[in-house]
Amino acid sequence: MGKDFKVIRGGRLLDLASRSAADRDLLIEGGEILEIGPPGLDAPEGAAEIDASGTLLMPGLINAHTHGHGSIGKGLGDRWTLEHLLHAGPWLNANRGLEDKQLSTMLNAAEMVLKGCTATYDLYFEVPMPTVEGMHAVAKGYEAVGVRAVLAPMMADRTLYEAISGLLEAFPEAERQRLSEMRASPTEEILKACRALLTDRPFESARTRLALAPTIPLHCSDDFIAGCRDLAEEFDVGLHMHLAESRVQAVTGIERYGKTLTAHLEDVGLLSPRFTGAHCVWLDDDDVHRLADNGCAIAHNPGSNLRLGNGIAPARRLLAKGATVGIGTDGSHCSDHQNMFEAMRLASFVSRIVSPETDDWLETTEVIAMATEGSAMALGFGDDVGRLAPGARADIVFLDLSNINFVPLNDPANQIVHAEDGSAVRSVMIDGDFILKDRQFTTINYAQLCRDAQAASERLLAANAEARAFSGRMEAYVSKFCVGLAQHPYHIHRWGGDAPAACPGPEKEARP
Ligand SMILES: [Zn+2]
């Protein structure tokens, strides 16, 4: 007889195939779902009974792309493009101690749990490069809340001003000096830091894993990308990279490499089943094939792509070609929240404005599968999570069916994607244990977390005030140069509005 049995009784279980939610009991042993059956399911004597009446049970949502460091910067930018955000990076992330690093991931994790998310792929940025103690602090933040996380230090061996040719020259002479003095760490030093981190993994577990995130092709030398590729192979960890996120990047990629960013990554040997590409907006059909044929996963971040004006990723095309597609929120410094329900809703909605053909639109059942099973694959968790079935971990969200979003209950899949906003999340379980019970955390002191986050934000804003003011004064030059660059010809169109005059009209998907 095993031990640590639990049985969840009285809930209704989401079934995507039938778009229904029948009464089902779940038997759990040691955090794993053992059996699912009709009410009255047999359970070993002494099994703990959990009353789920009045709730809809669904797998925990999985956030395929976030940045824990962004949580403290929530709501700071308004009309920022991606390039504005990267330009603001030095002050947004400066002066953070180990406590700030741990606090920012705790805050990120807490928001995810309150909104029904149980696992995430976090590209955490330390200035100027990752450290063992920094990433351990980041891990502690997630572990304190209890969320599963794949932690990938986000790294570059070039600055924004080196990545986008011509940008530096766009600034006034006097200020150019300060920007050109910003230096990324040397390639070999960053790779050494990665090796140290991968070697020293006290938190390696089913909850916390490591990966590597050379952040953006243009910001990483080929030697650095290849170094990350080899380390990932050696230590058997994932690789995560922002790919073809903005039009500026797509245009600059052709200028630098003579081919698309995705084609370049294929040449460097980065595309493989361990690779997750984030955003993937400015892909042509050949790029879609490259990602699918190499067994890559994509983190689709429709909210961030809209917020930063990057356009709409070809999610349907990627799915149709067999790529794994998960859904993410991106960091709160660029999409302001960690609400996977909203990310799902936006994934559904943006799929409807690129084609009048309804077969091309994402069904709500597909969207939920992307945000659970798809994201689980992108994180490298396979089918251990992202589904409620025997053999899977018991990562369960209990949605309150008396919440107005589910009254009346007509089609649970449609209502999860098109009506739910996180307010119906009553409880959240990971590995069979509640980390949120009746909207109260069982793992952390939420009131203390809020006080600490407010204090950290105020202290960091004060410490970074001068750098922020300088960045703000330079913002207009970034706009002028990058908005101009974004209108250079490119062979596909991924914005919702009309193509700019300089861009070709009818969409042409072939490689240049
Ligand atoms: Zn990102």
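Quick caveat, the model's predicted, so the values are computed rather than measured.

Draft legend 1. Highlighting the coordination of the zinc ion. Every protein donor of the zinc ion is accounted for by His-65 (NE2), His-67 (NE2), His-242 (NE2) and Asp-330 (OD), and the metal-donor separations fall at 2.0 to 2.7 Å. Geometry at the zinc ion is irregular, judged from its 4 donor atoms and the angles of 84 to 172° they form at the metal. Spacing between the donor residues of the zinc ion along their common chain follows H-x1-H-x174-H-x87-D. In this pair, His-65 sits in strand 6 (residues 61-66) while Asp-330 sits in the loop between strand 13 (324-327) and helix 13 (332-335), placing the two residues 265 residues apart along the sequence. Overall, His-65 belongs to the buried group, its relative accessible area being 0%.

Draft legend 2. Layout of unusual backbone geometry. In the segment running from Val-127 into Pro-128, the intervening peptide bond is cis, with an omega of 0°. Relative to the helices and strands, Pro-128 resides in the loop between strand 7 (117-124) and helix 3 (132-145). For the peptide bond that leads from Val-407 to Pro-408, omega is -5°, which places it in the cis range. Locating Pro-408 in the fold gives a position in the loop between strand 14 (396-400) and helix 16 (412-418). The residue Cys-280 is not glycine, and still its phi comes out positive at about 50°. With respect to the helices and strands, the residue Cys-280 is situated in the loop between strand 11 (275-279) and helix 10 (285-293).

Draft legend 3. Expanded view of the side chain of His-87. With respect to the element layout, His-87 can be found in helix 1 (residues 82-92). The exposure class assigned to His-87 is buried, which follows from its relative accessible area of 2%. If we skip the residues at most four places from it in the chain, His-87 touches Leu-160, Tyr-161, Phe-171, Ser-471, Met-474, Glu-475 and Val-478.

Draft legend 4. Seen up close, the pairing of strand 8 (residues 148-155). A large share of strand 8 lies buried, amounting to 8 of its 8 residues. Residues Arg-148, Val-150, Ala-152 and Met-154 point to one face of strand 8 and Ala-149, Leu-151, Pro-153 and Met-155 to the other, with burial holding for every one of them. Sheet analysis places strand 7 next to strand 8, joined by 6 bridges and oriented parallel. In the strand pairing of strand 8, Ala-119 is matched with Arg-148. At this point the chain moves from strand 7, through helix 3, to the parallel strand 8, and the crossover so formed is right-handed.

Draft legend 5. Quick peek at the sheet that holds strand 7. Read across the open sheet, the 8 strands follow the order 6-7-8-9-10-11-12-13; overall the sheet is parallel. The sheet terminates laterally at strand 6 and strand 13, the two strands that pair on one side only. Neighbour-to-neighbour, the strand axes of the sheet open up by a mean angle of 25°, direction not taken into account. Pairing between strand 11 and strand 12 (residues 297-300): 3 bridges, direction parallel.

Draft legend 6. View of the pattern of salt bridges. Inspection of the entire model under this criterion finds 28 salt bridges. A salt bridge links Arg-459 to Asp-100; the nearest nitrogen and oxygen atoms lie 2.6 Å apart. Here the residue Arg-459 occupies a position in helix 17 (residues 446-463), and Asp-100 occupies one in helix 2 (residues 98-114), the gap between them amounting to 359 residues. For Lys-115, the salt bridge goes to Glu-111, with nearest N and O atoms at 2.7 Å. Residue Glu-111 is classed as buried on the basis of its relative accessible area of 9%. Within this structure, Glu-32, Arg-148, Arg-207, Arg-393, Asp-395 and Asp-431 form a network of salt bridges that share partners.

Draft legend 7. Structural view of helix 3. Over its 14 residues, helix 3 runs 21 Å from end to end, which matches the ideal 20 Å to within 8%, given 1.5 Å per residue. Taking burial as the measure, the 14 residues of helix 3 include 10 buried ones, the bulk of the element. All of the buried residues in helix 3 are Val-132, Gly-134, Met-135, His-136, Ala-137, Val-138, Ala-139, Gly-141, Tyr-142 and Val-145. Gly-146 sits one or two positions beyond helix 3 and adopts a positive phi of about 105°.

Draft legend 8. View of the confidence of the model for the chain. Taken residue by residue, the chain gives an average pLDDT of 95. The fraction at 70 or more is 97%. Least confident of the elements in the chain is helix 5 (residues 173-181), whose mean pLDDT is 91; most confident is strand 14, at 99.

Draft legend 9. How the structure looks around the domain arrangement of the chain. Entries for the chain in the domain assignment read domain 1 (5-59 + 391-441) and domain 2 (61-379). Taken over C-alpha atoms, the centre of domain 1 sits 31 Å from the centre of domain 2. If you look at the interface, domain 1 gives 27 residues, while domain 2 gives 26 residues. Summed over both partners, the interface of domain 1 with domain 2 comes to about 2,200 Å²; 65% of that surface belongs to carbon and sulfur atoms. Linking domain 1 with domain 2 are 4 salt bridges, by the criterion used here. The salt bridge involving Asp-431 is made with Arg-148; its shortest N-O contact spans 2.8 Å. On inspection of domain 1 and its partner domain 2, the count reaches 11 residue pairs in polar contact (both at pLDDT 80 or more). At the level of elements, strand 5 (55-59), strand 14, helix 16, strand 15 (425-430) and strand 16 (433-437) are the ones that each hand at least two residues to the side of domain 1 that touches domain 2. When grouped by side-chain class, the residues that make up the side of domain 1 that touches domain 2 number 17 nonpolar, 3 polar and 7 charged.

Draft legend 10. Fine view of the nonpolar core. Ranked by internal contacts, the top residues of the largest apolar core, which has 119 residues, are Phe-275, Leu-291, Met-344, Leu-399 and Ile-416. Looking at which element gives the most residues to this core, the answer is helix 2, with 8 residues. Looking at this core, you find at least three residues from each of domain 1 (5-59 + 391-441) and domain 2 (61-379). If we skip the residues at most four places from it in the chain, Leu-399 touches Gly-54, Thr-55, Leu-56, Met-58, Phe-341, Phe-406, Ile-416, Glu-420, Ala-424 and Val-425. One finds Leu-26, Ile-50, Leu-57 and Phe-434 within the second-largest nonpolar core, a separate group that totals 14 residues.

Cut-offs and rules
- Residues numbered from 1 in each chain as written.
- Predicted model: local features only at pLDDT ≥ 70, side-chain atom pairs only at ≥ 80, totals over all residues.
- Heavy atoms only, no water.
- Donors = N, O, S within 2.8 Å, 3.2 Å for Na, K, Ca; no water.
- Tetrahedral: all angles 85-135°; square planar, octahedral: opposite > 155°, others 65-115°.
- Helix = DSSP H or I, 4+ residues; strand = E, 2+ residues; numbered from the N terminus.
- Buried < 20%, exposed > 50% of the residue type's maximum accessible area, 1.4 Å probe, protein only.
- Contact = heavy atoms within 4.5 Å.
- Pairing = 2+ DSSP bridges.
- Right-handed = clockwise from strand over helix to strand, strands pointing away.
- Axes fitted to C-alpha atoms, helices over the stretch in contact; angles between N-to-C directions.
- Salt bridge = Lys/Arg side-chain N within 4 Å of Asp/Glu carboxyl O.
- Expected span 1.5 Å × (residues − 1).
- pLDDT = per-residue confidence, 0-100.
- Domains from an automatic or database assignment.
- Buried area = accessible area lost by both parts, 1.4 Å probe.
- Polar contact = N/O pair within 3.5 Å; in protein donor to acceptor, adjacent residues only side chain to side chain.
- Nonpolar A, V, L, I, M, F, W, Y, C, P; charged D, E, K, R; others polar.
- Core = buried A, V, L, I, M, F, W, Y, C linked by side-chain atoms within 4.5 Å.

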